[in-house]
Amino acid sequence: MRRPISLALAGLLLSASGAAAGPERVAFPAGYQDGFVRYLDVDRPDRKIKRLFYVNPAALETAKAGDPLPDGTVLIMEDHPVELDGEAPRRDAEGRFIATPEVTNVFVMEKQPGWGEAYPADTRNGDWDYAWFDAAGTLKHSDPERYAGCFNCHQSRAGRDFTFTFFKYVEDLKR
Amino acid sequence: MGRCLALAILFSGLASAGQAAEITVGMAAADYTPATVEARVGDRLVFLNDDSVDHNVFVPTAGHAVDLGKQVPGARSELPLGKAGAFEVECVIHPDMHLQVRVVR
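Note that this is a predicted model, so its numbers are computed, not measured. (Residues numbered from 1 in each chain as written. Chains lettered and ligands numbered in written order. Predicted model: local features only at pLDDT ≥ 70, side-chain atom pairs only at ≥ 80, totals over all residues. Heavy atoms only, no water.)

A closer look at unusual backbone geometry
Then comes step 1: Geometrically, the link from Thr33(B) to Pro34(B) is a cis peptide bond, its omega value of 0° lying close to zero.
Then comes step 2: Position of Pro34(B) among the secondary structure elements: in the loop between β1 (22-26) and β2 (36-40).
Then comes step 3: The phi torsion at Asp161(A) lies on the positive side, around 55°, for a residue other than glycine.
Then comes step 4: Mapped onto the elements of the fold, Asp161(A) is located in the loop between α4 (148-155) and α5 (166-174).
Then comes step 5: Positive phi, normally seen in glycine, also occurs at Ala30(B), with a value near 55°.
Then comes step 6: Along the chain, Ala30(B) falls in the loop between β1 and β2. (Helix = DSSP H or I, 4+ residues; strand = E, 2+ residues; numbered from the N terminus.)

As structure tokens, then:
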């Protein structure tokens, strides 16, 4: 219970930028499906979904392999149910799931200078903060406690600037 | 458990050419065993959590990326190999777990 309480307190604090820590300061990137770069698709069999990952073009352009990701990086994880053949996900010719057009969740993580200062050291994910939206861009949860899972899980990738996919993608692309 | 795993891997290796193989990968002591796998399109990786803690198989490589979800001790998960290429397998929970997979036609 200690970590969620810490997150709740962090949500009341002000970061160096003056905005309250937590999901409220992460803006929904309207138009990202056209304006961002889709860099990865991840099949998720246990949930019968496909996750599409996007990054803002400026971050992709300036990110360097092995370095912390640039301030201003915005990463999006977009959930789609997949096409089914009975109960089983249908696969394309390469064995990959086929996403339906429906978007069920839009998870955003954004990095800005000083954003992490509001969080205790055992919770902080660098200067990243997280937000969970629906397809229309409405915040699903504004309570910082609901984001404890994001902070906890991404801690395991501290050596990759707290990202599971994009830091690795840059390494594979540019190294 | 180790003997069963070794037999499973040996059996996988005996699959005749052209016949899809099932290749078992263990997770004991938070290590993927074996640490490298050579397979053919149509084969299938079976991840057996023969460890005492949860694991979560995750492939971050573009074109092959998949998240098999949390796997409790004793549980199995499967990854069909439908595409040639090389990719890395990680664990969401344990960042030092790595498996290299190469799939050929």
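Alright, that's what it looks like, and here's the rest.
Concerning the packing of aromatic side chains
All names here are of chain A.
Then comes step 1: Taken as a whole and assessed by the stated rule, the structure comprises twelve aromatic pairs over all chains.
Then comes step 2: Aromatic pair Tyr119 and Phe151: ring centres 4.7 Å apart, planes at 45°, arrangement tilted. In this pair, Tyr119 is assigned in the loop between β6 (105-111) and β7 (128-133) and Phe151 in helix α4, connecting sequence segments 32 residues apart. Taken individually, Tyr119 and Phe151 each receive the classification buried, so the pair is uniform in this respect.
Then comes step 3: Ring plane angle 75° and centroid distance 5.0 Å describe the contact between Tyr130 and Phe151, whose orientation is recorded as edge-to-face. Of this pair, Tyr130 sits in strand β7 while Phe151 sits in helix α4; the two residues are 21 residues apart in sequence, bridging distant segments of the chain. (Phe/Tyr/Trp six-rings, centres within 6.5 Å; stacked < 30°, edge-to-face > 60°. Buried < 20%, exposed > 50% of the residue type's maximum accessible area, 1.4 Å probe, protein only.)

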